[in-house]
Structure formats: C-alpha cells, structure tokens
Amino acid sequence: MMLEGHSLLNAHNVQVLGSCDDVLVLAHGFGSDQSMWQNILPSLLNSYKVVLFDLPFAGTTSPDNFDSVLYESFDGFVNCLLAILDELRIQKCVYMGHSMSAMIGCIASVRRQQLFKKLILLCGSPRYLNEEDYYGGFEREDLDQLYDAMSSNFESWASGFSRLVVGVDVEDAIEKFSHTFKSMRPDIAYVVARTIFETDNRSILPQVKVPCHILQTTKDLAVPMVVGDYMKKHVGGKVTLHILPVEGHLPQMTAPHVFIQALLKVLSYE
C-alpha cells in the first residue's frame, strides 16, 4: 500500500533544496541512496530547485514500508516516484535517473509525459540479460550465481560487488557505496535485484517521447557501451548519447568534475 501526504515524504526522506523556478529531480539507483549526489549538488543549486529522495529499498528507509509484492515490478517504483512528485505539486521537471532509476523515469514519462521536460538517463539499461539478438552484459548463469551469493552471504557479496560496480580505485567512493549497499536489508535487496535483472523494459523505449540525454562511461560492469547505442536507436523521441571519458558505474561519485561538465551541457539543451 502506497503512503500518502507527509507520511510519504517522510518515509522517502524527501528534500527540496534551492529556490529556483526550474525543478531537477535526482533519483538514485540500486544499492545507494540520495547521498550519491552530494558531490554535484553545489553546481546545481544556483540554477535549479533540486528534489532528492530515497527509494524504498535504501537502508535509510524503514523496511516496514517495503512491499515485496508491489516492488516485484518497476511499476511499484514508478508509482512511488509519481506519488512524490504529485505530493510536492510539481507540474514540470527535468529528471535524472541513475541505473535502475533511468528506466523508472522512462516508464513514468510514458504515463505522464506532460510532467517531464527532459530525461537524463545515467548508466541505465532496459535489459541486463543477454538475448539472441541483444547484449545486456549478463548471462543466465551469471545472474543465478549472483542470486545464490546474495542469499548465502549478503555482506560478503555486497563488499565484492560494490567494488566491482564502482569500477575504479577511488577508495572514498568505494567505501561510501559499499556502506549504502550493505545498509539494505538482505531480503529486500534480493527482491529488488530480481526485479532489476529479470525485467525486460525494451518495449518501453519507443513509447518515450520526452527528450532524452543518455550519459554513459567508457567501461561499466553493469551497462556495456552497446546498451547506450541500443537505447539511442530505440527511444521514440529526440535523444542524444554522451560518452563520459571515465570508467565505472557511478561517475557522479568517482569523477564529479567530469560528470558535472557533461551534465551542465545537457541541461543547457533546449
């Protein structure tokens, strides 16, 4: 059951920073929380009112509010996002979603196109599992091993996996991401991992008519570069693809100066 009103905003630790007219919504990905954006916030607050929130799997939220049935599909997360924006009475926004939140934003824009001025899709993927005619980066055996490792020793798995996902030797970022990853309750993390890796969102892309800007790095464990090309070819509206000259899945944490330059560029596009 979805929370409402102040209960909803409090449950997701919603923050609205800045007093500008233009609204920028920042949505984090799996294994993290809104703290992942802290390195880039100072560069945004002079131009945007920034909305931050934590998705219901984050360790900063109460497990009591996590509905394992509701969040077995991306629709649950989309409903959560739209409920937050409606409660804040946001009528138009720029939305940036990292990792799984890229597709959350895409689906939300199909449902409520008028709500979104543009989408910035950071290290996102519509499908992680390889198919005969599609390369998502993971074989079925890879995912089965991942689920087994999560189930048998979550903390050990989270330590190794978070370092691989960060993808570069930036110890501060590794430490912070590992902390937020381990702060998830293991059973909740397992449900969300299966939602992410088992869902095929490719059919959504042609329905996305809001202008999209795809940001990718040159090497990402979770999202091969060919996925960005696939998304660019299949998104239904205007789309640009920008390859950041850095590696890893979390450039906003590991290379904030490079990332913010690219972000400010796409934010300036009409």
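Residue positions are given per chain, counted from 1 along the sequence in the order it is written. Only residues with pLDDT of 70 or above have their local features reported here, since the model is predicted, and side-chain atom pairs are shown and tallied only from 80 upward, although totals for entire chains, interfaces and linings are computed over all residues. By convention in this description, side-chain values take in all heavy atoms of the structure and omit both hydrogens and water.

A.B. asks: I'd love a proper account of the nonpolar core, names of residues and values included.
C.D. replies: Residues Phe30, Phe57, Phe116 and Leu263 are the most contacted members of the largest nonpolar core, which totals 101 residues. In DSSP terms, a helix is any run of H or I states spanning at least four residues, a strand is any run of E spanning at least two, and both are numbered starting from the N terminus. In terms of residues, this core owes the most to one element, helix α2 (residues 74–87), which gives 8 residues. In this structure, phenylalanine 30 is in contact with Phe57, Met100, Phe177, Phe181, Met184, Ala189, Val192, Ala193 and Ile196, ignoring residues within four places of it in sequence. Within this scheme, the nonpolar core is defined by two criteria: the residues are buried Ala, Val, Leu, Ile, Met, Phe, Trp, Tyr or Cys, and they are joined through side-chain atoms within 4.5 Å. Burial classes: relative accessible area under 20% of the type maximum marks a residue as buried, over 50% as exposed, and values in between as partly exposed (1.4 Å probe, protein chains only). What makes two residues a contact is simply this: any of their non-hydrogen atoms within 4.5 Å.

A.B. asks: Please set out the layout of surface pockets residue by residue, giving values where relevant.
C.D. replies: There is about 170 Å³ of room inside the largest pocket. The rule is simple: put a 1 Å grid over the protein atoms alone, call a set of points where a 1.4 Å probe fits but cannot get out a cavity, call an open set with protein on both sides within 12 Å along at least five of seven lines a pocket, and count a residue as lining if it has an atom within 4 Å of a point. Taken together, Asp21, Asp22, Val23, Tyr48, Lys92, Cys93, Val94, Lys117, Lys118, Leu267, Tyr269 and Glu270 make up the full set of residues lining the largest pocket. Counting only elements with at least two residues in the lining of the largest pocket, the list comes to β4 (93–98) and β5 (116–122). Grid points are joined across faces, edges and corners, and a volume is the space filled by probe spheres set on the points.

A.B. asks: Can you explain the pairing of strand β7 (residues 239–247)? Please cite residues and give values.
C.D. replies: By this definition, two strands are paired if DSSP reports at least two bridges between them. Bridging between strand β6 (residues 212–219) and β7 involves 7 bridges; their strand directions are parallel. Across the sheet, lysine 219 pairs through a bridge with glutamate 247, a residue of β7. Here a crossover is taken to be right-handed if, once the strands point away from the viewer, the path from the first strand over the helix to the second is traced clockwise. Following the chain from β6 across helix α8 (residues 225–234) to the adjacent parallel β7, one finds a crossover that is right-handed.

A.B. asks: Just give me the short version of the environment of threonine 60, but keep the residues and values in it.
C.D. replies: Among the secondary structure elements, threonine 60 is positioned in the loop between β3 (49–52) and α2. Expressed as a C-alpha distance, the spacing of threonine 60 and proline 206, which sit 146 residues apart in the sequence, is 35 Å. Apart from the residues lying within four places of it in its own chain, the contact partners of threonine 60 are Asn13, Asp33 and Asp54.

A.B. asks: Tell me what's going on with the sheet that holds β6, and back it up with residues and numbers.
C.D. replies: The strand order β1-β3-β2-β4-β5-β6-β7 describes an open sheet built from 7 strands, whose pairing is mixed. Each of the sheet's edge strands pairs with one partner strand only, and the pair in question is β1 (15–17) and β7. Strand-to-strand twist of the sheet, defined as the mean angle between neighbouring strand axes without regard to direction, takes the value 20°. The pairing of β1 with β3 spans 3 bridges and is classified as antiparallel. Bridge pairing in β3 links leucine 17 to valine 50. Only the contacting stretch of a helix is used when fitting its axis, a line to C-alpha atoms as for every element, and angles between N-to-C directions run 0 to 180 degrees. The sheet strands contacting α8 are β5, β6 and β7, and the helix crosses β6 at an angle near 165°.

A.B. asks: I'd love a proper account of the packing of aromatic side chains, names of residues and values included.
C.D. replies: One pair of aromatic rings is described through two measures. These are the centre distance and the angle between the planes. Classification of ring pairs rests on two measures: the distance between centres of Phe, Tyr or Trp rings, Trp counted by its six-membered ring, which must be within 6.5 Å, and the angle between planes, read as stacked under 30 degrees, edge-to-face over 60 and tilted in between. As enumerated under the stated definition, the model contains 16 aromatic pairs in all. Measuring from ring centre to ring centre gives 5.4 Å for phenylalanine 30 and phenylalanine 181, while their planes differ by 75°; the resulting arrangement is edge-to-face. Taken as a pair, phenylalanine 30 in the loop between β2 (23–27) and β3 and phenylalanine 181 in helix α6 (residues 171–183) lie far apart in primary sequence, 151 residues in all. Ring geometry for tyrosine 128 and phenylalanine 197: centres 5.3 Å apart, planes at 70°, overall edge-to-face. Linking tyrosine 128 in the loop between β5 and α4 (140–152) with phenylalanine 197 in helix α7 (residues 186–198), this pair joins segments that are 69 residues apart in sequence.

A.B. asks: If you had to explain the pattern of salt bridges to someone new, which residues and values would you point to?
C.D. replies: Only one rule defines a salt bridge in this text: a Lys or Arg side-chain nitrogen within 4 Å of an Asp or Glu carboxyl oxygen. Tallied over the full model, the rule gives 11 salt bridges. Among the salt bridges present, the one from arginine 140 reaches aspartate 144, with a minimum N-O distance of 3.8 Å. One end of the pair is arginine 140 and the other is aspartate 144, both in helix α4 and 4 residues apart, which spans about a single turn. For aspartate 144, a relative accessible area of 36% translates into the label partly exposed. Here aspartate 200 ties to arginine 202 by a salt bridge, and the two come within 2.7 Å at their closest N and O atoms. Under the relative-accessibility criterion, arginine 202 is labelled buried at 17%. Because the salt bridges share partners, they merge into one network encompassing Arg127, Glu131, Asp200 and Arg202.

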